[in-house]
Amino acid sequence: MSQSLPFDAAQASAAYRNALDVIGAVEPNVAGAIRSELADQRASLKLIASENYASPAVLLTMGTWLSDKYAEGTIGHRFYAGCQNIDTVEQLAADHAMALFGAPHAYVQPHSGIDANLVAFWAILAQRIESPALEKAGAKHVNDLSEADWETLRKALGNQRALGMSLDAGGHLTHGFRPNISGKMFHQSSYGTDPQTGLLDYEVVRARAREFKPLILIAGYSAYPRKIDFAKMREIADEVGAVLMVDMAHFAGLVAGKVFTGDFDPVPHAHVTTTTTHKSLRGPRGGMVLCQPEFADSVDRGCPMVLGGPLGHVMAAKAVALAEARLPSFQTYAQNVASNAVALAEGLTKRGAHLVTGGTDNHLVLIDVSAFGLTGRQAESALLDSGIVTNRNAIPRDPNGAWYTSGVRIGTPALTSRGFDAAEFDRVAELIVDVLTATSPTAAPSGGASKAKYVIADGVADKTHAAASELLDANPLYPGLELA
Ligand code: DSN
């Protein structure tokens, strides 16, 4: 499989050489760090499920004077003069997003996934909450309330409920958990996964929703290796009168690339869908909200409600990335991301690794490394020592908690962008199992096994580094792009 990033190597080389000369003339150390980052990215087996490689066109779009313009407000309705070009790029990004995802409305200003979720939460509260304060004030929208009315509203907001996937089952911090503002705005409850199969049990979700009666039913994940039936989630939301909010940050590329269709495509089923743009979607770092028309007005008030001024250069890069995702080649890429994940899962399983849910049908697998006698932290570090970049992750009902964990999360989007195929992912699986088998915990000073320290059998890390380099050399990142 050849690399799937669309770009012209000669053009990109010339652009980056000139740009680095301009940067280096002012602060050579920054130019050095940029060069060094490319070298590092080229030299590592990047398996972090939330990372990818954006195309040179996407990256170059961000280094422009669109960055210099303030543009609070919405398209054609700004609080600053002279925003015509920001209007153009924001409209382009929204149009591409609506066309790509078949969404009635798109808001492309959020700076990150957390921001996108916050915009969605406020929009849902504004749209759905039966606030006595709103009626009393005769206000049409929370933005029109007086300070006294806000006080009443805050009390009403504090009584709202959100139901999302539990963190250890693969849910996200922004789905109502305490370290995030969503855990303070809402009374939160969660649904987990079946203890035997590791899969979502929709009847358990339904029972929890009936009992808890959430305002918002949240679906989506950052570490669940399976697809979700969003038609069923919408049915549950409707049954209890909840708004269905789907956070598709991790799998937006699979939706865009038509791997997840029908009941597994969240956009037609959810009232509000949020995403990041830089994971499997392969765009610039940022966020986005798609919604049904009834939420559009409230979603569009994201800035200044909870967002700072929109980043014109990033919205422009979103437009470029979304245009790329509309090409037929992106569908091939997305199919490869999913089929490579299956090859990786099968390669790990046949060599004795235990996978949460026993496999995958998205872009990631979650290995339960306790079967190797390791914590997630030890496994992550041993793999890194061997040239393999992953991240540790809790598994359902994890006895080692969120810091040490018992899992390692592995994703295929980045290496698939480099062109890795199923046979190469099978080889990656072999390398991972070799390293984990050769790693053992050292003794803790207090007795028993350490949760952090480990030792890798002699020679294994070096051998794995060499094998990883062979795979990387066969699939160069940005082939032909030369900085010197
Ligand atoms: N940091 C992202 C991830 O790794 O899944 C989610 O916020």
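Refer to the structure presented above.
If you're wondering where the values come from, they're calculated on a predicted model, not measured in any experiment. (Residues numbered from 1 in each chain as written. Predicted model: local features only at pLDDT ≥ 70, side-chain atom pairs only at ≥ 80, totals over all residues. Heavy atoms only, no water.)

A. Region of interest: the packing of aromatic side chains. Inspection of every chain in the model, using the stated rule, returns nine aromatic pairs. Each ring, one from Phe7 and one from Tyr478, has its centre 6.0 Å from the other, and the planes form 85 degrees; the classification is edge-to-face. Of this pair, Phe7 sits in the segment before α1 (9-26) while Tyr478 sits in the segment after α20 (460-474); the two residues are 471 residues apart in sequence, bridging distant segments of the chain. Put simply, the rings of Tyr221, Tyr224, Phe230, Phe251 and Phe260 pair up and form one aromatic cluster. Arg282 extends its terminal NZ or CZ atom over the ring of Tyr333, reaching a point 4.2 Å from the ring centre. When the ring centre of Trp403 is taken as origin, the NZ or CZ atom of Arg392, which lies over that ring, is 4.5 Å away. (Phe/Tyr/Trp six-rings, centres within 6.5 Å; stacked < 30°, edge-to-face > 60°. Helix = DSSP H or I, 4+ residues; strand = E, 2+ residues; numbered from the N terminus. Lys NZ or Arg CZ within 6 Å of the ring centre and 35° of its normal.)

B. Representation of the state of the cysteines in the model. Evaluated as defined, the whole model comprises zero disulfides. Sulfur of Cys291: no disulfide; nearest cysteine sulfur belongs to Cys303 and is 16 Å away. (Disulfide = S-S within 2.5 Å.)

C. Expanded view of the nonpolar core. Among the nonpolar cores identified, the biggest contains 55 residues, and Phe101, Leu217 and Met233 are the most heavily contacted of them. Examining the composition of this core, we find that seven residues originate from one element, helix α4 (residues 84-101), more than from any other. If near-sequence neighbours (up to four positions away) are discounted, Phe101 is found in contact with Met248, Ala252, Val255, Ala256, Val267, Leu281, Met288, Leu290 and Leu322. Counting residues in hydrophobic clusters, the runner-up holds 37 residues, among them Ala345, Leu355, Val435 and Ala468. (Core = buried A, V, L, I, M, F, W, Y, C linked by side-chain atoms within 4.5 Å. Buried < 20%, exposed > 50% of the residue type's maximum accessible area, 1.4 Å probe, protein only. Contact = heavy atoms within 4.5 Å.)

D. Layout of the packing of helix α16 (residues 376-385) against helix α19 (residues 422-437). Two elements in contact, α16 and α19, have axes separated by 10 Å at closest approach and are oriented at 115 degrees. For α16 against α19, the interelement crossing comes out right-handed. Along its contact with α16, which presents Ala379, Ala382 and Leu383, the element α19 presents Ile432, Val435 and Leu436. Its residues assigned to classes, the contact of α16 with α19 comprises six nonpolar, no polar and no charged. (Axes fitted to C-alpha atoms, helices over the stretch in contact; angles between N-to-C directions. Left-handed = near helix turned anticlockwise from the far one by under 90°. Nonpolar A, V, L, I, M, F, W, Y, C, P; charged D, E, K, R; others polar.)

E. Just the pairing of strand β14 (residues 407-411), in detail. Most of β14 sits out of view: five of its five residues are buried. Residues Gly407, Arg409 and Gly411 point to one face of β14 and Val408 and Ile410 to the other, with burial holding for every one of them. Across five bridges, the pairing between strand β11 (residues 364-368) and β14 is antiparallel. What sits directly across from Val365, in β14, is Ile410. Examined bridge by bridge, strand β13 (residues 391-393) and β14 share three bridges and lie antiparallel to one another. By the bridge assignment for β14, Asn391 is matched with Arg409. (Pairing = 2+ DSSP bridges.)

F. Local environment of the site of the ligand. In the region of the ligand, the neighbouring residues are Ser50, His172, Ser222, His250, Lys279 and Arg409. Contact distances for the ligand include 2.7 Å between an oxygen atom and a side-chain N or O atom of His250. In the environment of the ligand, an oxygen atom lies 2.8 Å from a nitrogen or oxygen atom belonging to the side chain of Arg409. In isolation the ligand has 230 Å² of accessible area, and contact with the protein removes 60% of it. Across the shell around the ligand, the residue classes tally to no nonpolar, four polar and two charged. (Near = heavy atom within 4 Å. Polar contact = N/O pair within 3.5 Å; in protein donor to acceptor, adjacent residues only side chain to side chain. Areas by Shrake-Rupley, 256 points an atom, 1.4 Å probe, with all protein chains shown as cover.)

G. Representation of the packing of helix α15 (residues 328-350) against α19 in the model. Their axes nearest at 8 Å, the elements α15 and α19 cross at an angle of 35 degrees. The handedness of the crossing between α15 and α19 is right-handed. Contacts between α15 and α19 involve Asn340, Ala343, Leu344, Gly347, Leu348 and Lys350 from the first element and Ala422, Phe425, Asp426, Val428, Ala429, Ile432 and Val433 from the second. For the contact of α15 with α19, a count of residues per class yields nine nonpolar, two polar and two charged.

Purely geometric numbers; function is a separate question.
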